[in-house]
Amino acid sequence: MMAITNNKITKSLEFIIVSGLLCLSALAFAQEKPGMTAIDLLNLPSLSDPRLSPDGTSLVYTLGESDWEENERINHIWMKRLPDGEAFQLTFGKEGESSPRWSQDGRQIGFLTERDEDENNQIYLISTRGGEARALTNLDTSPTDLTWSPDGTAIYFLSDIPKTEEEEKREDLKDDVFAFDNNWKHRHLWKVTVADGSVEQLTAGNFTINSYSLASDGSKVVIHRAPSPLLDSGYDSEIFVLDLENNSWQKLTDNKQREGSGELSPDGSFVLFISGSNANFENYYDNNLFIVPVTGGKAQLLLEDMPYSVLDATWSADGESILFLANSGARSDLFKVGVPSQELTQLTNGNHALGGWSYMPNLDAHVATVSTATNPGDVWLLRDGATSRLTTTFNFVAETYWLPKQETIRWQGADSETVEGILYYPRNYREGTSSPLIVQTHGGPRGSDKLSFPRSRNFVQLATNNGWLVFKPNYRGSTGYGDEFMRNMVGNYWNQSHLDVMTGVDHLINEGIADSEHMVKMGWSAGGHMTNKIITHTDRFKAASSGAGASNWLSMYSQTDIRIHRGNWFGGPPWNKDAPIDQYWLQSPLREAWRVTTPTLLLVGEEDERVPAPQSVEFFRALKANGVATELHMAPREGHGWTELRHQLFKINAELAWFEKHVFGKEYEWEEAPEAMDKELEFQE
């Protein structure tokens, strides 16, 4: 693995460290607790978007609960007075609420919701003392990305350009044939005045704004402009600075790369941004930090040899450093880098994954959710070199349920490169004994599995309670381990990635941990691609489940809504002159479907645009024609990730039933969806 060089590193504070080892008395107590069921997993609340008040005395966040009657998770805004106040629910709308944002004086919160006669989300305001919320907007399109003006008189937001009267008339008449890949409206920047609700469109033109950041004095806006709102178009986006006082634009980049997190420095002299590029703005690198003069000029790459992948970034209050959240493989943490010294300081350090991070420059304070092996993500504060926990929403999880021990493991890949993964031990595991193994590969593939509370879709807690060992390898192509590790897929997707998975499996077998006769393989998206490849590579798995997996890279290129990375993997688009057609087909699992003997379950959303359903159909028909035990289940209304509760429950049931049947010859008892759920939150603090 790459090491950090040419930068002074200071590790300052151990934030949260979760040990995988329990004392004997605690372990004995834990064994008495019930394991989590599928319903328990799906009923866990979700906490997101924590925001500290301007004076640091209160916290708001969204908390979601599963509503089985509505078949979805409903989010509401909660508030807590700090440090020791009791959390309480602030909003109660039937459709739920999102994006809480404090006014500058801390007296109001702006948020998004759909209520009463609204046809889509609108901006609402509510007093921090409680009471009824009032609608601030009545727009034909849904606003997003709320930002209060520095003087508190207005809220900036993004929204699509509304349909014309002629377009609405045609829609009413069902005279609505549309041009494929052109059935969209540009998204622009708007402002609504708080006093009277008057709305002003601030930008116009033949471009889409993907994101923006308002300067601290409200005079300028950093804007990420793209040719269209289509996903692939984001890779042709550029950074501009808009002077709101004279409506003048300054273009800062011209590199045909995707950028994010653009933000003006406190003194207005530089703009920071993130891009998955190297210093020459070549594509397909870990996300790196850049700064560029606000007047234009060459962008400078910071921390050129840092092996981590930057997730988000912002300026410090004094503008002398940049604070950022980074993925370091099996963990994510906060860092600080000096400008221009490039001295790197690690602010947090532990077996955890941070999310929902926000920084209050006037308080020099950070808040973030922290997911650990035993906590799905309570909110923590980092301020003045000290950390404190702000919420206890998830205390009940470790108190109520048995949870698996998790740890990182490392092994040598086929080419002797060190590879890392996460292992989850089954209940009643005894050293020296081997257990049946579920291998789960993450999506992306530009991502990584982390030491955190596993998501319900992978049902790790349920599987380990049922005696399975679960293994999540961060195979070649994963982020957080340096550019060389991630770029192993460039020019050849199946270079070392699938071999990393299998050498990891062999390591577990050689260590006497995994039972080689009882192994299964599963994954979603790129994890599904990996499953499709693995079962053409080996027959060692007794069963497999491929979720939204690609099987034919040639047809996939035309079908998917994002194509740019396929060119990196295979050497260019397949429809150019002298295109690398052979490379696309040689690396397609469908080409070697004749090798598959593993009973394979296939799952996909009917409306998936990322890995469209025909990819699963092609593989299913090939396996079925070749006499392989296979089933394909398609979820109506679902895109790339299944969101409806009953669909999520079906996935858990179907995969576990498939594994039990083909590995042990047993019937699995499916869990039923609750008929009705008590609306009263049992996890109130």
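If you're wondering where the values come from, they're calculated on a predicted model, not measured in any experiment. (Residues numbered from 1 in each chain as written. Predicted model: local features only at pLDDT ≥ 70, side-chain atom pairs only at ≥ 80, totals over all residues. Heavy atoms only, no water.)

### Quick look at helix H7 (residues 497–510)
Short version of the rule: Each helix corresponds to a stretch of at least 4 residues labelled H or I by DSSP, and each strand to a stretch of at least 2 residues labelled E; elements are numbered beginning at the N terminus. For a helix, the expected span equals 1.5 Å multiplied by the residue count minus one. Three labels apply to residues, based on accessible area from a 1.4 Å probe with only protein chains included: buried if under 20% of the type maximum, exposed if over 50%, partly exposed otherwise in between. Contacts are assigned to residue pairs that have any heavy atoms within 4.5 Å of one another.
Here H7 spans 20 Å end to end across 14 residues, near enough to the 20 Å set by a 1.5 Å rise per residue. Turning to H7, its buried residues are Ser 497, His 498, Asp 500, Val 501, Met 502, Thr 503, Gly 504, Val 505 and Leu 508. Structurally, H7 contributes buried residues whose contacts are with strand S30 (406–412), strand S31 (418–424), strand S32 (435–441), strand S33 (469–474), strand S34 (514–524) and helix H8 (526–537).

### What about the environment of Leu 508?
Looking at where Leu 508 falls in the secondary structure, it is placed in helix H7. Residue class for Leu 508 comes out buried when judged on its relative accessible area of 0%. Sequence separation between Leu 508 and Leu 423 is 85 residues; the distance between their C-alpha atoms is 9.5 Å. Once residues within four sequence positions are removed from consideration, Leu 508 is found in contact with Ile 409, Leu 423, Leu 437, Phe 471, Ile 513 and Ala 514.

### A look at the sheet that holds strand S18 (residues 259–264)
What counts here: Strands qualify as paired when DSSP identifies two bridges or more between them. Lines fitted to C-alpha atoms define the axes here, with helix axes fitted over just the stretch in contact, and angles between the N-to-C directions of these axes take values from 0 to 180 degrees.
Strand order in the open sheet made by the 4 strands is S18-S19-S20-S21, with antiparallel pairing throughout. The open sheet has two edge strands, S18 and strand S21 (300–302), and neither has a second partner. This sheet shows a mean twist of 30° between the axes of neighbouring strands, independent of strand direction. Looking at chain direction, strand S19 (residues 270–277) and strand S20 (residues 283–293) are connected through 7 bridges and run antiparallel. Bridge pairing links Val 271 to Val 292 in S20.

### A closer look at the sheet that holds strand S8 (residues 122–127)
If you trace the 4 strands from one edge of the open sheet to the other, you get S6-S7-S8-S9, paired in antiparallel fashion. A single partner strand is all that each edge strand has here, and the edge strands are strand S6 (97–102) and strand S9 (134–135). As judged from the 4 bridges shared by S6 and strand S7 (residues 108–113), these two strands associate in the antiparallel manner. Looking across to S7, one finds that Ser 98 is bridged to Leu 112.

### Comments concerning unusual backbone geometry
In this model, Leu 82 is joined to Pro 83 through a cis peptide bond whose omega is 5°. Note that Pro 83 resides in the loop between strand S4 (72–81) and strand S5 (88–89). Positive phi, normally seen in glycine, also occurs at Ser 416, with a value near 75°. Non-glycine residue Asn 428 carries a positive phi angle of around 65°. With respect to the helices, strands and loops of the structure, Asn 428 is situated in the loop between S31 and S32.

### Looking at helix H12 (residues 613–625)
Over its 13 residues, H12 extends 18 Å from the first C-alpha to the last, a length consistent with the 18 Å expected when each residue adds 1.5 Å. Taken together, the buried positions of H12 are Ala 613, Gln 615, Ser 616, Phe 619, Phe 620, Ala 622 and Leu 623. Those residues of H12 hidden inside the fold are in contact with H8, helix H9 (553–559), strand S36 (600–605) and strand S37 (630–635). Gly 627 lies just past H12 and shows a positive phi near 80°.

### Remarks on the side chain of Gln 346
For clarity, the threshold we go by: Pairs of N or O atoms are called polar contacts if they sit within 3.5 Å, as long as, within protein, a hydrogen donor faces a hydrogen acceptor (for residues adjacent in sequence, only side-chain-to-side-chain pairs).
Tracing the sequence through the fold places Gln 346 in strand S25 (residues 344–346). Taking relative accessible area as the criterion, Gln 346 reaches 6% and is therefore assigned buried. A polar contact is formed between the side chain of Gln 346 and the backbone oxygen of Thr 348, at a distance of 2.8 Å.

### Digging into the confidence of the model for the protein chain
In low-pLDDT regions, the fine details of the predicted coordinates are not to be read closely. This is how the line gets drawn: Note on scores: pLDDT gives the predictor's confidence for each residue, bounded by 0 and 100.
In this model, the protein chain carries a mean pLDDT of 93, and residues with pLDDT of at least 70 account for 94%. Confidence over residues 1–28 falls short of pLDDT 50; this stretch has 64 contacts with residues more than four positions distant or in other chains. Note that pLDDT drops below 50 for residues 677–685; the model gives that stretch 21 contacts with residues more than four away or on any other chain.

### A short note on the environment of Val 439
With respect to the helices, strands and loops of the structure, Val 439 is situated in strand S32. Accessibility expressed as a relative area gives 0% for Val 439, which makes it buried. Put simply, Val 439 and Phe 207 are 232 residues apart on the chain and 44 Å apart in space, counted from C-alpha to C-alpha. For Val 439, the contacting residues outside a window of four places in its chain are Phe 471, Pro 473, Val 501, Val 505, Val 520, Lys 521, Met 522 and Phe 541.

### Things to note about the environment of Asp 539
Position of Asp 539 relative to the elements: it lies in the loop between H8 and strand S35 (543–547). With 452 residues separating them along the chain, Asp 539 and Ala 87 place their C-alpha atoms 53 Å apart.

### Remarks on the pattern of salt bridges
Where we set the bar: When a carboxyl oxygen of Asp or Glu lies within 4 Å of a side-chain nitrogen of Lys or Arg, that pair is called a salt bridge.
What the rule picks out here adds up to 22 salt bridges. Here Asp 49 makes a salt bridge to Arg 51, at a shortest N to O gap of 3.1 Å. For the salt bridge of Glu 167 with Lys 185, the shortest nitrogen-to-oxygen distance reads 2.8 Å. Here the residue Glu 167 occupies a position in helix H3 (residues 165–172), and Lys 185 occupies one in the loop between H3 and strand S12 (187–193), the gap between them amounting to 18 residues. For Lys 185, a relative accessible area of 23% corresponds to the partly exposed category. When salt bridges with common partners are traced through the structure, they connect Lys 533, Arg 591, Glu 592 and Arg 595 into a single cluster.

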